[in-house]
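Results of the structural survey
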Amino acid sequence: MKKVYEKPVIIRMTEGIPNKFGKRDHITIIDEIDGVKVEELVEKYGSPLYVISEKTLREKYKKLHKAFSVRYPKFQPAWSYKTNYLDAVCNVFHSEGSWAEVVSGFEYEKAIENGVPGDKIIFNGPYKLKEDLVKAIKNGSFIHIDHFDELYDIILLADELKLRPKVAIRVNMDTGIFPQWDRFGFNYDNGEAWKALNKIMVSGKMDLVGLHAHIGTYMMSAEPYRVAAQKLADLAKRVKETFNHSIDYIDLGGGFASDNTLKGAYLPGKDTNPSFDEYAEAITDALISAGFDLNDLPTLILETGRALVDDAGYIIGTVWANKRLADGRRAMILDVGVNLLFTSFWYEHEVYPAAETGKALEDITIYGPLCMNIDVIRSNIKFPPLNRGDNVVIKRIGAYNMTQWLQFITYRPNVVMIDTEGKEHIIRKKEDLSAFKAFENVTDD
Ligand SMILES: *Cc1c(COP(=O)(O)O)cnc(C)c1O
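Because the structure is predicted, anything quoted here is derived from the model rather than measured.

1. Quick look at the domain arrangement of the protein chain
Splitting the protein chain by domain gives domain 1 (32-51 + 311-433) and domain 2 (124-304). The gap between the C-alpha centroids of domain 1 and domain 2 is 37 Å. Taking both partners together, domain 1 and domain 2 bury about 840 Å²; carbon and sulfur atoms supply 42% of that area. Broken down residue by residue, the surface that domain 1 buries against domain 2 is led by Tyr 347, Glu 348 and Arg 396, which jointly contribute 61%. Across the domain 1-domain 2 interface, the total number found is zero salt bridges. Summed over the shared surface of domain 1 and domain 2, the number is four residue pairs in polar contact (both at pLDDT 80 or more). Taken together, the residues that form the side of domain 1 that touches domain 2 break down as three nonpolar, two polar and four charged.

Structure (structure tokens):
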């Protein structure tokens, strides 16, 4: 059938108002998560409530693993603790074969407590205390050196402990993206990374095992990873030529985009962001074309965080009140605010009613419960009017919200995981006053 001619139109873009592709003229609802009714979850565990799907965690991991392992023979993921360090979440990834990637003494302790062997922990970050370094050296963990001061700390500790620390350096570089992250690690382009590698090799006190780069987060193109992989491969080959020393692994960090949509983006993230296959193609292509000896191929490590866990997380909330703003616009107050959904500062989170609603949609603003002007979940969304007490489900919130959450004004709520058999487990219980009293003192005088 001949398609009807549609006149091209130019519409001014306003944040939150969908364009002609994304116009929501019907409303989808989410009334269950992995077969468990939202209503039932709220009844049992209260609102607000975080819900994590173990099924989705495992599916995402398998997808990532497949995309890389079919293209490159030696592949090892390491779970980025700061993206979501609830033990139950970490343990799902560890059970799939993931190592741990940590960026503080606290996260290091968590990984050890989770049973991760020392030689499967990658220790990143610009702030590693001496006592943390000592633990990492004794456990044979991989220390990714961030700056020269840390390099010298490690040389001193190697002497003191009479041990050979296993180290890598973090490298930053121009990969064609803006802004360039240059505050972490040693710069490739100005020769600083090469200088650091020389210092390590000449010191003779450490085992140089890897090269690391984490070029950014929510990278909407795969090409910068190709550049990063090429530059790290180049360094590895120079180390081989100069010192006849082989690098065990090349670690390209995290940063793959999830399917969330950034504020002001024209199209939804799930339509525009690269797939695992596209990232994998760019990275592995660069590595297999780098001219490594086949017997000496470095392992490819990834520290993918956001793209693995975002889709598995939901937060259920309840409409606390409806009101009209001074300009007549409708607003809705939820019991979920930026304290629980830190990522609403940069994402247009997808909010869904949890039950059938009327068909009419209105432009509304969704606020959280905090007594703070910036507590906005969506500044403008087409949404059906809901009643007080109705539930909503916010999707794709598994990354960073359960680590960057604020204990501000209210307690943090229950976190429930739905396992692969559809059974629920409280994996972090709702806070109460006793949790705070345990840490506080009043002065006597
Ligand atoms: C935060 C971080 C990650 C994870 O990044 P995502 O964007 O969540 O994938 C990986 N490696 C390092 C060094 C990090 O700091």
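Next comes the rest of the account.
2. Examining the site of the ligand
Close to the ligand lie 16 residues, the nearest being Lys 82, Thr 217, Gly 255, Glu 303 and Tyr 400. One of the backbone nitrogen or oxygen atoms of Gly 255 is found 2.8 Å away from an oxygen atom of the ligand. One nitrogen or oxygen atom from the main chain of Gly 305 is found 2.9 Å from an oxygen atom belonging to the ligand. If the ligand stood free it would expose 390 Å²; the protein chains cover 94% of that surface. The class makeup of the residues in the shell around the ligand is one nonpolar, 10 polar and five charged.

3. Here's the deal with the packing of aromatic side chains
Counting across every chain of the model gives 21 aromatic pairs. Here Tyr 225 and Phe 256 contribute two aromatic rings whose centre-to-centre distance is 5.0 Å and whose plane-to-plane angle is 80 degrees, an arrangement assigned as edge-to-face. Highlighted residues: Tyr 225 in helix α8 (residues 223-243) and Phe 256 in the loop between β11 (249-251) and α9 (269-272), separated in sequence by 31 residues. Considering the side-chain rings of Phe 256 and Tyr 279, the 4.0 Å spacing of their centres and the 5 degrees angle between planes classify their relative orientation as stacked. Here Phe 256 is found in the loop between β11 and α9, whereas its partner Tyr 279 is found in helix α10 (residues 276-288), with 23 residues between them in sequence. Each member of the pair, Phe 256 as well as Tyr 279, carries the same accessibility label: buried. The cationic tip of Lys 199 hangs over the ring face of Phe 148; the distance from NZ or CZ to the ring centre is 5.4 Å. The ring centre of Trp 320 lies 4.8 Å from the NZ or CZ of Arg 388, which sits over that ring.

4. Side note on helix α3 (residues 87-96)
Among all positions of α3, only Val 89, Cys 90, Val 92, Phe 93, His 94 and Glu 96 are buried. Looking one or two residues beyond α3, the residue adopting positive phi is Gly 97, at roughly 115 degrees.

5. Here we look at the pattern of salt bridges
On inspection of all chains with the given rule, the structure shows 31 salt bridges. When the shortest N-O distance is used, the salt bridge between Lys 382 and Asp 363 registers 2.9 Å. One end of the pair, Lys 382, is in strand β17 (residues 376-383); the other, Asp 363, is in strand β16 (residues 362-367), with 19 residues separating them in the sequence. With relative accessibility at 21%, the residue Lys 382 sits in the partly exposed group. Residues joined in a network through salt bridges with shared partners are Glu 54, Arg 58, Lys 62 and Glu 96.

Procedures and definitions
- Residues numbered from 1 in each chain as written.
- Predicted model: local features only at pLDDT ≥ 70, side-chain atom pairs only at ≥ 80, totals over all residues.
- Heavy atoms only, no water.
- Domains from an automatic or database assignment.
- Buried area = accessible area lost by both parts, 1.4 Å probe.
- Salt bridge = Lys/Arg side-chain N within 4 Å of Asp/Glu carboxyl O.
- Polar contact = N/O pair within 3.5 Å; in protein donor to acceptor, adjacent residues only side chain to side chain.
- Nonpolar A, V, L, I, M, F, W, Y, C, P; charged D, E, K, R; others polar.
- Near = heavy atom within 4 Å.
- Areas by Shrake-Rupley, 256 points an atom, 1.4 Å probe, with all protein chains shown as cover.
- Phe/Tyr/Trp six-rings, centres within 6.5 Å; stacked < 30°, edge-to-face > 60°.
- Helix = DSSP H or I, 4+ residues; strand = E, 2+ residues; numbered from the N terminus.
- Buried < 20%, exposed > 50% of the residue type's maximum accessible area, 1.4 Å probe, protein only.
- Lys NZ or Arg CZ within 6 Å of the ring centre and 35° of its normal.

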